[in-house]
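Okay, here's what each chain looks like letter by letter:
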Amino acid sequence: MNISTGKGSIPLIVVVAIMSISAIVSLPGLAISPILSDLDTIFPDASRLEVEMLESLPSLMIIPFMLLAGRWSVRMSKMRLLIIGTSIFLISGVGCILSRTLVELIITSSLIGVGAGIIIPLSTGIVVDYFTGDRRVRMLGISSAVNNLTLVVATLAVGYLADANWHLAFVVYLLPAVTLLLVPALRHTPPKPEPNDGAQHRQTTLNRGVIVGLMLFYFAITYCSLVVTFNTSYIVADAHLDTELSDSVIAIFFLAIMAPGFVLNAIIRKLGRWVNMWSLMTMGVGLIVMSLHHATPLSLCVGALLAGVGYGVMQPIIYDKAATNAPPHLATLALAIVMAINYLAILLAPFIIEAFAELFGDSTPTFAFLTNALITLVLAFAAVLFAPHSRVLGSDD
């Protein structure tokens, strides 16, 4: 079975190989989360600094190596980079399983951040190399969907595995072995050049204005969406609901991010240049619904669904715009620069939420949701004003 790419067609196994890359980029940090509360028991002599390093250092390693991988992709074979990145990830995953001390776990987890940082821009850069036009947008949507679906499934699996034995939680870090097994399929069917009339050929270098705009836009919507993952548990506690509800709401949020990826082209055709405006409004309304004073399981689930769908539409569109505002040989670099902002937002979001709370003297989770909803709706209003003329907020055509 062959899949159309806009440049011809490729075997299904090549598409599976490309999607396997998207599946592993959501894994870093997953295995750490369920054992954080038990670190005092697992490692009774652990210092606070060591615990903080285990939480933050792997994520900090991702950002510089994403940018380095983007730069290396200009001069080095992407297949070579992919093999290096997945090998580092896999070997480090084995190291996590075998770790017996917290220092060993910090080192191996940090190396996973190095491997993941190399792989992350390739997960979209290789999609851009193989596909073009509407088929590229569709495949970027599916890539995002696979990423978020893996995140949900792996999170559930890690929780069960960690309950049995904390070492087993790191088994999910062996998934890169699948990608390594599929690399020969990619090598056997290299991507065809971008057509002469392709959007990327209108650029001779990075369109810095658009790239910076996409970075700021991506940072803003990622920060606004993260209030769902960071503050839902507090909303649930304040409403005196079952504490397990927060896990279900967050799972719905990630599934909602995933869903638009499978029908992204249809959504873009329907909404056209206003796709970001409607997505921002959907996301903003979702955050408002979640902030209602008398929160119920239904309102939280509906709000998470709306917020996730809005974000899930915009994310792959941002990736496509980053790629089409760079010439083919610089597309992965452009993606690396824009995608790094996502991880920067994840690192900074708790501090920004706290800063807003201190500035306005309101540390309630409801205030955090309303603040981020307001930012999202202001962006939606900006899209109303600028979408007809902006490649960032409107159409890139």
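Since the structure is predicted, the reported quantities are computational estimates derived from the model, not experimental observations. (Residues numbered from 1 in each chain as written. Predicted model: local features only at pLDDT ≥ 70, side-chain atom pairs only at ≥ 80, totals over all residues. Heavy atoms only, no water.)

(A) Representation of the overall build of the protein chain within the structure. Scanning the protein chain from terminus to terminus reveals 14 helices and two strands. Here the C-alpha radius of gyration of the protein chain, 21 Å, is about what a compact globule of 397 residues would show, namely 21 Å. The C-alpha extent of the protein chain, read off along each of the three principal axes, is 60 × 50 × 35 Å. Taking all 397 residues of the protein chain together, the buried fraction comes to 53%. Contacts in the protein chain between residues far apart in sequence, at least 24 positions, make up 84% of those at least 6 positions apart. With the model as given, the accessible surface of the protein chain reaches about 17,400 Å², and the carbon-plus-sulfur share is 67%. With 19 positive and 22 negative side-chain charges, the protein chain shows a separation of 22 Å between the mean positions of the two kinds. (Helix = DSSP H or I, 4+ residues; strand = E, 2+ residues; numbered from the N terminus. Rg over C-alpha atoms; globule rule 2.2 N^0.38 Å. Buried < 20%, exposed > 50% of the residue type's maximum accessible area, 1.4 Å probe, protein only. Contact = heavy atoms within 4.5 Å. Areas by Shrake-Rupley, 256 points an atom, 1.4 Å probe, with all protein chains shown as cover. Lys, Arg positive; Asp, Glu negative; His and termini not counted. Charge placed at Lys NZ, Arg CZ, Asp CG, Glu CD.)

(B) A look at a nonpolar patch on the surface. Together, Val94, Leu98, Leu168, Val171 and Leu174 make up a nonpolar patch on the protein surface, roughly 370 Å² of accessible area in all. When you line up the elements, Leu168 lands in the loop between α6 (133-164) and α7 (176-188). Classification of Leu168 by relative accessible area gives partly exposed; the value is 36%. (Patch = residues over 30% accessible without salt bridge, like charges linked within 9 Å, V, L, I, M, F, W, Y side chains within 5 Å. Salt bridge = Lys/Arg side-chain N within 4 Å of Asp/Glu carboxyl O.)

(C) Structural view of the pattern of salt bridges. This model, assessed by the stated rule, comprises three salt bridges. For Lys7, the salt bridge goes to Glu194, with nearest N and O atoms at 3.6 Å. Pair noted here: Lys7 is in the loop between β1 (2-4) and β2 (9-11) and Glu194 is in the loop between α7 and α8 (208-238), with a separation of 187 residues, a long-range link. As far as burial versus exposure is concerned, Lys7 and Glu194 are alike and both buried.

(D) View of the environment of Asn165. On the secondary structure map, Asn165 appears in the loop between α6 and α7. In sequence terms Asn165 and Pro190 are 25 residues apart; their C-alpha atoms lie 42 Å from each other. Among the polar contacts made by the side chain of Asn165, one reaches the main-chain amide nitrogen of His167 at a distance of 2.8 Å. (Polar contact = N/O pair within 3.5 Å; in protein donor to acceptor, adjacent residues only side chain to side chain.)

(E) Representation of the packing of α8 against helix α11 (residues 275-290). Running from N to C, α8 and α11 cross one another at 20°; their axes reach a closest spacing of 11 Å. Between α8 and α11, the interaxial angle falls into the category roughly parallel. As α8 runs across α11, the sense of the crossing is left-handed. Facing α8, whose interface residues are Phe217, Ile221, Cys224, Ser225, Val227, Val228, Thr232 and Ile235, α11 presents Asn276, Leu280, Met283, Leu287 and Met290. Partitioning the contact of α8 with α11 into residue classes produces 10 nonpolar, three polar and no charged. (Axes fitted to C-alpha atoms, helices over the stretch in contact; angles between N-to-C directions. Parallel < 35°, antiparallel > 145°, perpendicular 65-115°, else oblique. Left-handed = near helix turned anticlockwise from the far one by under 90°. Nonpolar A, V, L, I, M, F, W, Y, C, P; charged D, E, K, R; others polar.)

(F) Fine view of the environment of Cys224. Turning to its location among the elements, Cys224 is positioned in helix α8. Under the relative-accessibility criterion, Cys224 is labelled buried at 0%. Considering only alpha carbons, one finds Cys224 and Met283, 59 residues apart in sequence, at a separation of 9.0 Å. Not counting residues within four places of it along the chain, the set of residues in contact with Cys224 comprises Met283, Leu287, Asn372, Ile375 and Thr376.

Everything listed here is a matter of coordinates, which is why it stays silent on function.
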